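What follows is each chain in one-letter form.
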Amino acid sequence: MSDNAKVIDQSSPSIARVYDYLLGGKDNYEVDRAVGDHFKLNLPGSVAIATTNRQALTRAVREMAEAGLTQFLDFGSGLPTADNVHQVAQRINPDARVVYIDNDPIVLAHGRALLATNDNTTVVQADVRDSTGIRADEQVNRLIDFDKPVALIFSAILHHLNDDEDPRAIVEYWTDQIQVGSSVFITHFRSGHNTETAAAEAKLQSTFGRGRWRTDDEIADLFGDLHLQEPGVIAAALWRQDEPGGDGKPQLVSPTPTLSVWEELIVAAIADKR
């Protein structure tokens, strides 16, 4: 997360582009692939983290759209990949509106090209820390009616904020902007208190100069006074991993799969404003 994100900098790695590389994308540069290769070779479960996170995001968007939410604000959205938020939401409701927020100019360039014919979706280049600037943005307000419920998405972004940047205050700002009936989805790296966690955290901090793994309780605290849905903060690989039961209601797949230490490192949760 660079404070100067006006131009595409091919000499420094980008969080969005490294994630893109780990997910098998092509919108990255040699400097991003070098970081990604470190994770692949020295922390081989890193790809599973990225994939697991993306799958949980897809399930969350589907669930929120099926619950009737038609407006989505995705912070730190990253580069377009398969089953983007707008694709999932608009399969359920073609009129769903989606705003992607990312500070990497390559996300803006690729996103706008992808969405050139989609009037209900846009990409805004902005830093997640600039809440008031995002709130005042013309494109945000063109698509998002804050007098109606909104789905807020913070997928794998808040762990890139240090404590002194107060990620809880950022979430709280946005929960103050939305109406009752809105939902907030968060995925976040969790402290595993093991060598894998320490190595992954150290690499991200040395590469990007920032980042903070948090405990489950600290992650739950990011939701503030929102109503945390069951099952609360759990591994993203398990979150909403369900299938229809005989009564048509979702139920947890049984038996519960055994997760790798890597899959345990990213968690997911959703909460509602009541």
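Residues numbered from 1 in each chain as written. Predicted model: local features only at pLDDT ≥ 70, side-chain atom pairs only at ≥ 80, totals over all residues. Heavy atoms only, no water.

Participant: Give me the lowdown on the packing of helix H1 (residues 15-22) against helix H2 (residues 30-42), citing residues and values where you can.
Facilitator: Between H1 and H2, the least distance of the axes is 9 Å, while the angle of their chain directions is 55°. Taken together, H1 and H2 sit at an angle that is classed as oblique. H1 and H2 meet at a crossing whose hand is right-handed. Together, Arg17, Val18, Tyr21 and Leu22 of H1 and Val31, Asp32, Arg33, Val35, Gly36, Asp37, Phe39 and Lys40 of H2 make up the contact between the two elements. Residue classes in the contact of H1 with H2 are distributed as six nonpolar, one polar and five charged. (Axes fitted to C-alpha atoms, helices over the stretch in contact; angles between N-to-C directions. Helix = DSSP H or I, 4+ residues; strand = E, 2+ residues; numbered from the N terminus. Parallel < 35°, antiparallel > 145°, perpendicular 65-115°, else oblique. Left-handed = near helix turned anticlockwise from the far one by under 90°. Contact = heavy atoms within 4.5 Å. Nonpolar A, V, L, I, M, F, W, Y, C, P; charged D, E, K, R; others polar.)

Participant: Can you lay out the nonpolar core for me, pointing to particular residues and giving the numbers?
Facilitator: Ranked by size, the top nonpolar core spans 35 residues in total, and within it Val61, Met64, Phe72, Val85, Ile153 and Phe185 carry the most contacts. The set of elements that each furnish at least two residues to this core consists of helix H3 (46-66), helix H4 (85-92), strand E2 (97-102), helix H5 (105-114), strand E4 (151-155), strand E5 (183-189) and strand E10 (266-272). The element that contributes the greatest number of residues to this core is H3, accounting for seven residues. Apart from the residues lying within four places of it in its own chain, the contact partners of Val61 are Phe72, Val85, Val88, Ala89 and Ile153. With 32 residues, the next largest nonpolar core counts Ala126, Val140, Val184 and Ile186 among its residues. (Core = buried A, V, L, I, M, F, W, Y, C linked by side-chain atoms within 4.5 Å. Buried < 20%, exposed > 50% of the residue type's maximum accessible area, 1.4 Å probe, protein only.)

Participant: Give me the lowdown on unusual backbone geometry, citing residues and values where you can.
Facilitator: In this chain, Glu230 is followed by Pro231 through a cis amide linkage whose omega measures 5°. Tracing the chain through its elements places Pro231 in the loop between strand E6 (227-228) and strand E7 (234-235). Although it is not a glycine, Asp166 sits at a positive phi angle of roughly 50°. Summarising the element assignment, Asp166 is placed in the loop between E4 and helix H8 (167-177). When its relative accessible area of 38% is taken as the criterion, Asp166 is described as partly exposed. Its identity is not glycine, yet Arg240 carries a phi of approximately 55°, on the positive side. Within the element layout of this structure, Arg240 appears in the loop between E7 and strand E8 (242-244). Judged by relative accessible area, which is 16%, Arg240 ranks as buried.

Participant: Can you break down the pairing of E4 residue by residue, with the values?
Facilitator: Most of E4 sits inside the fold, with five of its five residues counted as buried. Burial along E4 is two-sided: Ala151, Ile153 and Ser155 and Leu152 and Phe154, pointing in opposite directions, are all buried. Strand direction decides the pairing type here: strand E1 (residues 71-75) and E4, joined by four bridges, are parallel. In the sheet register, Phe72 faces E4, and the bridge partner there is Ala151. (Pairing = 2+ DSSP bridges.)

Participant: An account of the side chain of Asn28 is requested, with residue identities and associated values reported.
Facilitator: When you line up the elements, Asn28 lands in the loop between H1 and H2. Reaching out from Asn28, the side chain makes a polar contact with the side chain of Arg33 at a distance of 2.8 Å. Contacts of Asn28, omitting those with residues within four sequence positions, involve Arg17, Asp20, Tyr21 and Arg33. (Polar contact = N/O pair within 3.5 Å; in protein donor to acceptor, adjacent residues only side chain to side chain.)

Participant: Which residues make up the pairing of E5, and what are the values?
Facilitator: The buried count for E5 comes to seven of seven residues, which makes it a mostly enclosed element. Residues of E5 alternate between two faces, with Ser183, Phe185, Thr187 and Phe189 on one and Val184, Ile186 and His188 on the opposite face, all of them buried. As defined by bridge partners, E4 adjoins E5 across five bridges and the pair is classed as parallel. Residue Ala151 lies in a different strand from E5, and its bridge partner there is Ser183. As a crossover connection, the stretch from E4 through H8 into E5 is right-handed. Here seven bridges tie E5 to E10, and the two strands are oriented antiparallel to one another. Bridge pairing in E10 places Val184 opposite Ala271. (Right-handed = clockwise from strand over helix to strand, strands pointing away.)

Participant: Requested: an account of the pattern of salt bridges, with residues and values cited.
Facilitator: Inspection of the entire model under this criterion finds twelve salt bridges. With a shortest N-O distance of 2.6 Å, Asp32 and Arg17 are connected by a salt bridge. In this pair, Asp32 sits in helix H2 while Arg17 sits in helix H1, placing the two residues 15 residues apart along the sequence. Of the residues examined, Asp32 reaches a relative accessible area of 0% and is grouped as buried. For Arg17, a relative accessible area of 2% translates into the label buried. (Salt bridge = Lys/Arg side-chain N within 4 Å of Asp/Glu carboxyl O.)

Participant: Tell me about H1, residues and numbers included.
Facilitator: Burial of H1 is extensive: seven of the eight residues sit out of reach of the surface. Those residues of H1 not exposed but buried are Ile15, Ala16, Arg17, Val18, Asp20, Tyr21 and Leu22. Within two residues after H1, Gly24 carries a phi angle of roughly 90°, on the positive side.

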